[in-house]
Amino acid sequence: MKKIVCLLGSPRVNGNSERLAKAFVIGAESQGAKVRFFRLQNMNIKGCIDCRRCWENGKHCVINDDMAQIYEAIDECNVIVFVTPVYWYSWSAQIKVVWDRMLPYISEKAKFTLKDKECILLATAGDVYESAFNGVLESFDRSISLLGLKERGKICAYNVYDIGDIEQGDWLDRAKELGININK
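Because the structure is a prediction, the values reported are computed rather than measured.

(A) Local environment of the nonpolar core. Core analysis: the largest hydrophobic core is formed by 38 residues, its most contacted members being Leu7, Leu40, Ile70, Phe82, Val98, Trp99 and Met102. Not counting residues within four places of it along the chain, the set of residues in contact with Val98 comprises Leu7, Leu40, Ile45, Met67 and Ile70. By size, the runner-up hydrophobic cluster in this structure holds 25 residues, among which are Ala23, Val25, Ala157 and Val160.

So this is what it looks like as structure tokens:
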């Protein structure tokens, strides 16, 4: 049974990104997966200060904030799901700060690594062109390679701006199917 951490990087409640994530979760939970869902908009997560003091005092990071909850969940999970709307051809600010705080996992002093954990990207964009995801995809691919994560899937839903646009097409079905298959 997979333990999944779902990091929701959208500030819009029940927006297209969240609906895509929920479809994935429905599929995963239907197969027995346990999912921890983090709405990053509601969390106090500060930016990385690049102090290189990772793992001092036995903690991932010297910054005292809600990222500690995410570190704990990531350490215990098998799969990390990164969920974001595309803002200015990149990550939303809510999830970008989490990426920046992944530095402890590649520190020479790391007590935990992400090597061989799995990850998924669920992204949405109001843009009508699929190329709107190029920045996010480049960052995702390079970051997971650096961290040693194994990609299990990507869904980049485009032309979904207004809340509910995600209901058009097969985006939600694809996310649910990805969730169903995550335990295989």
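(B) Summary view of the sheet that holds strand E2 (residues 34-39). Here five strands make up an open sheet; going across it, the order is E2-E1-E3-E4-E5 and the pairing parallel. With partners counted over all chains shown, the strands left at the sheet margins are E2 and strand E5 (150-157), one partner each. Adjacent strand axes in the sheet meet at a mean angle of 15° when their direction is disregarded. Taken together, the five bridges between strand E1 (residues 3-8) and strand E3 (residues 79-85) define a ladder with parallel strand orientation. Paired with Leu7 across the strands is Phe82, a residue of E3. Helix H3 (residues 93-100) rests against E1 and E3 of the sheet, and its axis sits at about 140° to E3. Docked against the sheet, helix H4 (residues 134-147) engages E3, strand E4 (118-124) and E5, running at close to 170° with respect to E5.

(C) Structural view of the packing of aromatic side chains. For the structure shown, the criterion picks out seven aromatic pairs. Both rings, one in Trp55 and one in Phe112, keep their centres 6.2 Å apart while their planes meet at 40°; by these two values the pair is tilted. Taken together, the residues Trp55 in the loop between E2 and helix H2 (67-76) and Phe112 in the loop between H3 and E4 connect sequence positions 57 residues apart. Relative accessible area serves as the criterion here: at 39%, Phe112 is assigned to the partly exposed category.

(D) Representation of empty space enclosed by the protein in the model. Applying the stated rule across the entire model yields one cavity of 30 Å³ or more. In this structure, the largest cavity is lined by 14 residues; those nearest its centre are Cys48, Cys51, Cys54, Cys61 and Leu103. Here the lining of the largest cavity is built from residues that sort into ten nonpolar, no polar and four charged.

(E) Helix H5 (residues 171-181), seen in detail. Among the residues making up H5, those that are buried are Trp171, Leu172, Ala175, Leu178 and Gly179. Axial view of H5: buried residues confined to an arc of 120°, hence all on one face. On its buried face, H5 sits against helix H1 (16-30), E4 and E5.

Rules used in this analysis
Residues numbered from 1 in each chain as written. Predicted model: local features only at pLDDT ≥ 70, side-chain atom pairs only at ≥ 80, totals over all residues. Heavy atoms only, no water. Core = buried A, V, L, I, M, F, W, Y, C linked by side-chain atoms within 4.5 Å. Buried < 20%, exposed > 50% of the residue type's maximum accessible area, 1.4 Å probe, protein only. Contact = heavy atoms within 4.5 Å. Pairing = 2+ DSSP bridges. Helix = DSSP H or I, 4+ residues; strand = E, 2+ residues; numbered from the N terminus. Axes fitted to C-alpha atoms, helices over the stretch in contact; angles between N-to-C directions. Phe/Tyr/Trp six-rings, centres within 6.5 Å; stacked < 30°, edge-to-face > 60°. 1 Å grid on protein atoms, 1.4 Å probe; cavity = no way out; pocket = protein on both sides within 12 Å on 5 of 7 lines; lining within 4 Å. Points joined across faces, edges and corners; volume = space filled by probe spheres on them. Nonpolar A, V, L, I, M, F, W, Y, C, P; charged D, E, K, R; others polar. Arc of directions from axis to C-beta.

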